[in-house]
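Okay, here's what each chain looks like letter by letter:
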Amino acid sequence: MTMADIISIINPATETLVDEIPADDAATIAAKVTAARAAQPAWAALPLSERLGCLARFRDLLVQQADELALTLTTETGKPITQAKSEILATPARIDFFIENTAALLDPVLAHREPASALPGTASLEEYITYEPLGAIANISAWNYPYFVGLNVIAPALATGNAVLYKPSEIATLTGQAIAALLHQAGVPEAVFTPIVGLGTAGATLLEQPLDGVFFTGSYGTGQKIAAAAAAQMMRVQLELGGKDPAYVCEDVDVGAVATALADGAFYNNGQSCCAVERIYVHSAVYDDFLSAFLDAVQG
């Protein structure tokens, strides 16, 4: 095995080696996609209540193992331990949203009804819109919030009967494997949720496989490459490529409270947040007071 076949997990705080993980190559990625495509129909055929039950058990396991999972997340990404645990403990609410709302979203919708009287000699006609799983989809996820960002795709994809090939950031490899292990423990078949381990090249190789969709959170440049690769297969694409999130400070605000909130919004998780405050516009009437309060908040 060459060094290119290994993902080295480095603690960014101490620069020490945490672990070395064998990476997927073209052959193992192809095998995983084949297995996912084979397993997906049986997963989709399960009653919705059973799929949602797996997500509920996964949610409970997250809460039960939050301390251990937070330590893993902090060790490999450098996220402060309090913020790592907060992310994990806030994720169940997102899962609950899909548990509570998927059934209604999947209900067939009557699009058109033609009474029998309008069609002499025939029965009445009804046309419905139904929603079917895409099939086998790729989720190429980000390192900064692997639980938040990953579960935004994983939970609805599994709930609606899809198989997921999950490519976590190489910076959050151990966390990606932990997510997979808990989903399998919760009852999701291994072939239905499969982690792909590797650098960006592993994600590129994954997109060469026959897939039905790709969901990505990350940089604009990588998003362009993913869109181009997906176009060759005409697969479904969803890209979250960050924002340029502004805040506006009005003249009638509590300057101190707003300065503290915006400092937190800009620097939480060291600024590595998809919706981090990236620019601030301030009414001239409170500009000087706000600037002073903002600097105090940042320095504090």
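Coordinates for the structure precede this section.
This text gives an overview of the structure that appears in the document. Predicted, not measured: the structure shown is a model, and the values here were computed from it.

Reading the values: the criteria
- Residues numbered from 1 in each chain as written.
- Predicted model: local features only at pLDDT ≥ 70, side-chain atom pairs only at ≥ 80, totals over all residues.
- Heavy atoms only, no water.
- Salt bridge = Lys/Arg side-chain N within 4 Å of Asp/Glu carboxyl O.
- Helix = DSSP H or I, 4+ residues; strand = E, 2+ residues; numbered from the N terminus.
- Buried < 20%, exposed > 50% of the residue type's maximum accessible area, 1.4 Å probe, protein only.
- Pairing = 2+ DSSP bridges.
- Axes fitted to C-alpha atoms, helices over the stretch in contact; angles between N-to-C directions.
- Contact = heavy atoms within 4.5 Å.
- Patch = residues over 30% accessible without salt bridge, like charges linked within 9 Å, V, L, I, M, F, W, Y side chains within 5 Å.
- Areas by Shrake-Rupley, 256 points an atom, 1.4 Å probe, with all protein chains shown as cover.
- Core = buried A, V, L, I, M, F, W, Y, C linked by side-chain atoms within 4.5 Å.
- Expected span 1.5 Å × (residues − 1).
- Right-handed = clockwise from strand over helix to strand, strands pointing away.

Side note on the pattern of salt bridges
Applying the stated rule across the entire model yields eight salt bridges. A salt bridge links Arg37 to Asp212; its shortest N-O distance comes to 3.0 Å. Separated by 175 residues along the polypeptide, Arg37 in helix α1 (residues 26-45) and Asp212 in the loop between α7 (200-206) and β8 (213-217) bring together distant segments of the chain. For Asp212, a relative accessible area of 22% puts it in the partly exposed group. A salt bridge links Lys167 to Glu170, with the shortest nitrogen-to-oxygen separation between them at 3.7 Å.

Observations concerning the sheet that holds strand β5 (residues 136-140)
Overall, parallel pairing links the five strands, which are arranged β7-β6-β5-β8-β9 in an open sheet. The sheet terminates laterally at β7 (193-195) and β9 (236-240), the two strands that pair on one side only. For this sheet the average axis-to-axis angle between neighbouring strands, irrespective of direction, equals 15°. In terms of strand pairing, β5 meets strand β6 (residues 163-167) through five bridges, oriented parallel. Counterpart to Asn139 in the pairing with β6 is Tyr166. Relative to the sheet, helix α6 (residues 173-185) contacts β6 and β7, its axis offset from that of β7 by approximately 155°.

Concerning a nonpolar patch on the surface
Taken together, the side chains of Val109, Ile129 and Tyr131 make up a nonpolar region of the molecular surface, amounting to roughly 270 Å² of accessible area. Considering the arrangement of structural elements, one finds Ile129 in strand β4 (residues 125-129). Classification of Ile129 by relative accessible area gives partly exposed; the value is 40%.

Structural notes on the nonpolar core
In this structure, Phe58, Leu158 and Phe193 are the most contacted members of the largest nonpolar core, which totals 36 residues. Those elements that place two or more of their residues in this core are α2 (48-64), α3 (66-77), α4 (81-106), α5 (146-159), β6 and α6. It is α5 that contributes the most residues to this core, eight residues altogether. Ranked by size, the runner-up nonpolar core spans 18 residues in total, among them Val33, Ala138, Leu207 and Met235.

Points about the environment of Ala38
Relative to the elements of secondary structure, Ala38 occurs in helix α1. For the pair Ala38 and Ala172, spaced 134 residues apart in sequence, the C-alpha separation works out to 28 Å.

A word on α6
With 13 residues, α6 extends 18 Å between its outermost C-alpha atoms, agreeing within 8% with the 18 Å of an ideal straight helix rising 1.5 Å per residue. Three or more residues of α6 are buried, namely Thr173, Leu174, Thr175, Gly176, Ala178, Ile179, Ala180, Leu182 and Leu183. A positive phi of about 115° marks Gly187, the residue just after α6.

Observations concerning the pairing of β9
Note: β8 against β9, five bridges, orientation parallel. If you follow Thr217 over to β9, its bridge partner there is Glu240. The parallel pair β8 and β9 is bridged by helix α8 (residues 220-231), and the resulting crossover is right-handed.

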